[in-house]
Amino acid sequence: MVTTIAENASGSPVRCEATLDEGQSLTISTPGGLNEPSEALEISRAGGRLLVTRIDTAPKLVRAGQ
């Protein structure tokens, strides 16, 4: 699997290469800007296919003691 990501058309691209066996997955994340959440993708191999899933990286706020 080869994945190339960039912030926009003029951003510097980052290339990631990996070999995934059946049932394996890889997470690629990028930091967010000031007061913005990071962005993340999970790439997994299942049933002979590659699946790409966007991961919600927003922090989960909970009340102390819960």
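Use the structure listed above.
Scope of this entry: the structure provided in the associated data block. (Residues numbered from 1 in each chain as written. Predicted model: local features only at pLDDT ≥ 70, side-chain atom pairs only at ≥ 80, totals over all residues. Heavy atoms only, no water.)

## Description of the pattern of salt bridges
- Counted by the stated rule, this structure contains 3 salt bridges.
- The shortest N-O distance in the salt bridge between R54 and E39 comes to 2.7 Å. Of this pair, R54 sits in strand β5 (residues 49–55) while E39 sits in strand β4 (residues 39–46), and the two are 15 residues apart along the sequence.
- Under the relative-accessibility criterion, R54 is labelled exposed at 62%. (Salt bridge = Lys/Arg side-chain N within 4 Å of Asp/Glu carboxyl O. Helix = DSSP H or I, 4+ residues; strand = E, 2+ residues; numbered from the N terminus. Buried < 20%, exposed > 50% of the residue type's maximum accessible area, 1.4 Å probe, protein only.)

## With respect to the environment of M1
- Following the sequence through the fold, M1 ends up in the segment before β1 (2–5).
- M1 gets classed as partly exposed once you look at its relative accessible area, which sits at 22%.
- Here the alpha-carbon distance between M1 and R45, two residues 44 residues apart in the chain, equals 9.8 Å.
- In this view, M1 contacts C16, E17, A18, L26, I43 and L50; residues no more than four positions away in its chain are not counted. (Contact = heavy atoms within 4.5 Å.)

## So, the environment of E17
- Position of E17 relative to the elements: it lies in strand β2 (residues 14–17).
- Linking E17 and V2, residues 15 residues apart in sequence, is a C-alpha distance of 4.5 Å.
- Those residues within four positions of E17 in sequence are excluded, and the remaining contacts are M1 and V2.
- Engagement of the side chain of E17 in a polar contact is seen with the side chain of R15, the distance being 3.0 Å. (Polar contact = N/O pair within 3.5 Å; in protein donor to acceptor, adjacent residues only side chain to side chain.)

## Let's talk about the environment of I43
- Within the element layout of this structure, I43 appears in strand β4.
- Spatially, the C-alpha atoms of I43 and T27 are 6.3 Å apart, while their sequence positions differ by 16 residues.
- Apart from residues lying up to four places away in sequence, I43 is in contact with M1, T3, L20, Q24, S25, L26, I28, L50, L51 and V52.

## Let's talk about the side chain of S44
- With respect to the secondary-structure elements, S44 resides in strand β4.
- For S44, a relative accessible area of 13% translates into the label buried.
- Among residues more than four places away in sequence, those in contact with S44 are L20, Q24, S25, R49, L50 and L51.

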